[in-house]
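# Residue-level structure breakdown
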Amino acid sequence: MKSLKLISVIVLAGLLLAACAPAAAPATGGEASGEVEIFSWWTAGGEADGLAAMQVVFEQQYPNLTFVNAAVAGGAGTNARAVLATRLSAGDPPSSWQGHAGQELIGTYVAAGQLQPLNNLYDANGWIAVMPETLIPLISQDGNIYSVPVNIHRANVMWFNPAVLEANGVAVPTTWDEFFAAADTLQAAGVTPLAMGEQWTSMHLFETVLLGTLGADAYAGLWDGSTDWAGADVTTAIGNFQTVLGFTNSDSSTLSWDQAAQLVVDGDAAFTIMGDWADGYFVSLDLEAGTDYGWAPTPGTDGIFQFLSDSFVLPVDAKNPAGAEAWLTVAGSKAGQEAFNPVKGSICARTDCDAALFGPYLQSAMEDWSTDTVAGSLTHGVVANDAWKAEIDTALGLFLADGDVAAFQSALATACSSSGACQ
Ligand code: GAL
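In short, a report on the structure.

Parameters at a glance
Numbers given to residues run from 1 along each chain, matching the order in which its sequence is written. The predicted nature of this model means local features are confined to residues of pLDDT at least 70 and side-chain atom pairs, given and counted, to a pLDDT of 80 or more, with totals for whole chains, interfaces and linings taken over all residues. As a rule here, side-chain values come from all non-hydrogen atoms in the structure, and water together with hydrogens is ignored. In this analysis, rings of Phe, Tyr and Trp, with Trp reduced to its six-membered ring, are considered paired at centre separations within 6.5 Å, and the interplanar angle assigns stacked below 30 degrees, edge-to-face beyond 60, and tilted for intermediate values. Runs of E in the DSSP output that reach at least two residues are strands. Runs of H or I that reach at least four are helices, and both are numbered from the N terminus. Summary of the burial criterion: residues with accessible area below 20% of their type's maximum are buried, those above 50% are exposed, and those between are partly exposed, where the area comes from a 1.4 Å probe applied to protein chains only. Whether a residue is near a molecule or strand depends on its heavy atoms: if one lies within 4 Å, it is near. By the criterion applied in these results, polar contacts are pairs of N or O atoms within 3.5 Å in which, for protein atoms, one can donate a hydrogen and the other can accept it, and in which residues neighboring in sequence qualify only through two side-chain atoms. Surface accessibility follows the Shrake-Rupley procedure with a 1.4 Å probe radius. Residue values consider only the protein chains on display as shielding. Salt bridges are defined as contacts in which a side-chain nitrogen from Lys or Arg sits within 4 Å of a carboxyl oxygen from Asp or Glu. Any two strands with at least two DSSP-identified bridges between them are counted as paired. Criterion for a disulfide: a pair of cysteine sulfur atoms within 2.5 Å. All axes are obtained by fitting lines to C-alpha atoms, using only the stretch in contact for helices, and the reported angles, taken between N-to-C directions, cover 0 to 180 degrees.

Our focus in this paragraph is the packing of aromatic side chains. Scanning the model with the defined rule gives 33 aromatic pairs in all. Between the aromatic rings of F58 and W327, the centroid separation amounts to 5.6 Å while the plane-to-plane angle is 75°, which identifies the pairing as edge-to-face. Here W327 lies in helix α13 (residues 321-331) and F58 lies in helix α2 (residues 47-61), a separation of 269 residues in the sequence. Neither residue differs from the other here; F58 and W327 are each classed as buried. Each member of the aromatic cluster is reached from another via a ring pair, and the members are W42, F58, Y62, F67, F312, W327 and F340.

Written as structure tokens, this is what we have:
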């Protein structure tokens, strides 16, 4: 976790000062009763199982509360977040919702005044001491902390079917050029080289290609204006992205992320690039890590951990706020995170979970999280707020249709300017 350290120190100092201010007694939901409506998009294999496992802990600890699962299907929250926006504008927030640490949280929900600070809950539960210092700045503003992170996910993972690679004499590629050579071989043998799904999965692919082509420093600079979106490296990255797209399944726009992953399971495709919720999906199918499926960093990203974190919030005007705080208390607890993450396909946000509870892939992720350079995900809310991401998404949609590299790059540069990051 080499990046982001200075900012962590600055924000932590602010938080310590804020902690000295008199605070109301922490509410933990112990006396609460009634329904607690928890909003997420965890409906696929693995992610739904993780939520259900945390629900069990919640129901054991708070028997007077009724958990209401308000999940809306659609990977990366594409549908859920539209439903949430409608509910928020109608003044009908759920008790708590799933939001990503970073700009999705701070630059979108906090900026809109939709969330309550959670400093009291952090004090009451001693969370500052057990949450990674990388993460706290990404969920804080002006000394206030606005969410409870339940996990750390890795975005830059390339999953593969080991039997398909072996049958075709293909080694796991570590650079994009190696990937293209492998993909030529696979395609000639009638295997889809890379399984992809609907549009957000292509944004996910694109962010890993940007990272793998530019490297961690220049990639980070895309989000603070210090790397030129109109520069030659970005042109190269878009060219790589265009080449990769040529190796994907033709029905991608009709598939969810897990249906794309299933192509790899079935041996119809060799690779898929997806966050490590795919591990949760594979585990939910009883597949054996390392044998039935393998993994590697996406090409060009060895030693870089492109991360995101799911977190839960307390809305202004939350339904049953004491019940919501009970849910947040479980989401931030060791018991809650140890139940959730091994099935979800993520590692704990907390630093004190028992590694023995986790399977081989997640143990490798824990190791990498502790040693790699950290980069943030675009698709999953870390580096850009909703407005900027929406502009990138529009440009991406056009590029997927027309393949015009220059137009795409120019639209990306414009999006950075309108976001305010590039002036
Ligand atoms: C991400 C989310 C993950 C996983 C994935 C697919 O945005 O952070 O937890 O659910 O979408 O739905």
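With respect to spatial proximity, 14 residues lie near the ligand, and among them E47, H100, D310, K344 and H380 are the closest. W42 has a polar side-chain atom sitting 3.0 Å from an oxygen atom of the ligand. Side-chain polar atom of D310 to an oxygen atom of the ligand: 2.6 Å apart, as the coordinates give it. For the ligand, whose free accessible area comes to 300 Å², the fraction covered by protein is 100%.

Scanning all chains against the criterion turns up nine salt bridges. Linking D386 and R81 is a salt bridge whose minimum nitrogen-to-oxygen distance equals 2.4 Å. With a gap of 305 residues between them, D386 in helix α16 (residues 386-402) and R81 in helix α3 (residues 78-89) connect regions that are remote in the sequence. A salt bridge links D352 to R350; the shortest N-O distance between them is 2.8 Å. With a relative accessible area of 29%, D352 lands in the partly exposed category. Three or more residues are tied together by salt bridges with common partners; here these are E37, R87, D92 and K319.

All right, on to the pairing of strand β7 (residues 151-154) then. Neither face of β7 is exposed, since N151 and H153 on one face and I152 and R154 on the opposite face are all buried. Alignment of β7 against strand β14 (residues 347-348), held across two bridges, turns out to be antiparallel. Within β14, the residue paired with N151 across the bridge is C348.

This part takes up the state of the cysteines. Going through the model one piece at a time under the given rule, you end up with two disulfides. With its sulfur 1.8 Å from that of its partner, C416 forms a disulfide with C422. Between C416 and C422, the disulfide has an S-S torsion of 70° and is therefore right-handed. Of the two residues, C416 and C422, both sit in the buried class. Sequential numbering of the bridged cysteines in the protein gives the disulfide pattern 1-2, 3-4.

Before going further, it helps to spend a moment on the sheet that holds strand β11 (residues 294-297). Overall, mixed pairing links the four strands, which are arranged β9-β10-β8-β11 in an open sheet. At either margin of the open sheet sits one strand with a lone partner, and together these are β9 (192-195) and β11. The average angle at which neighbouring strand axes cross in this sheet is 25°, direction not considered. Across three bridges, strand β8 (residues 157-160) lies against strand β10 (residues 269-273) in antiparallel orientation. Across the sheet, the residue bridging to M158 is I273, located in β10.

Pairing geometry for strand β1 (residues 34-39) and strand β2 (residues 65-69), over five bridges, is parallel. Each residue of the ladder has a partner; that of V36, found in β2, is F67.

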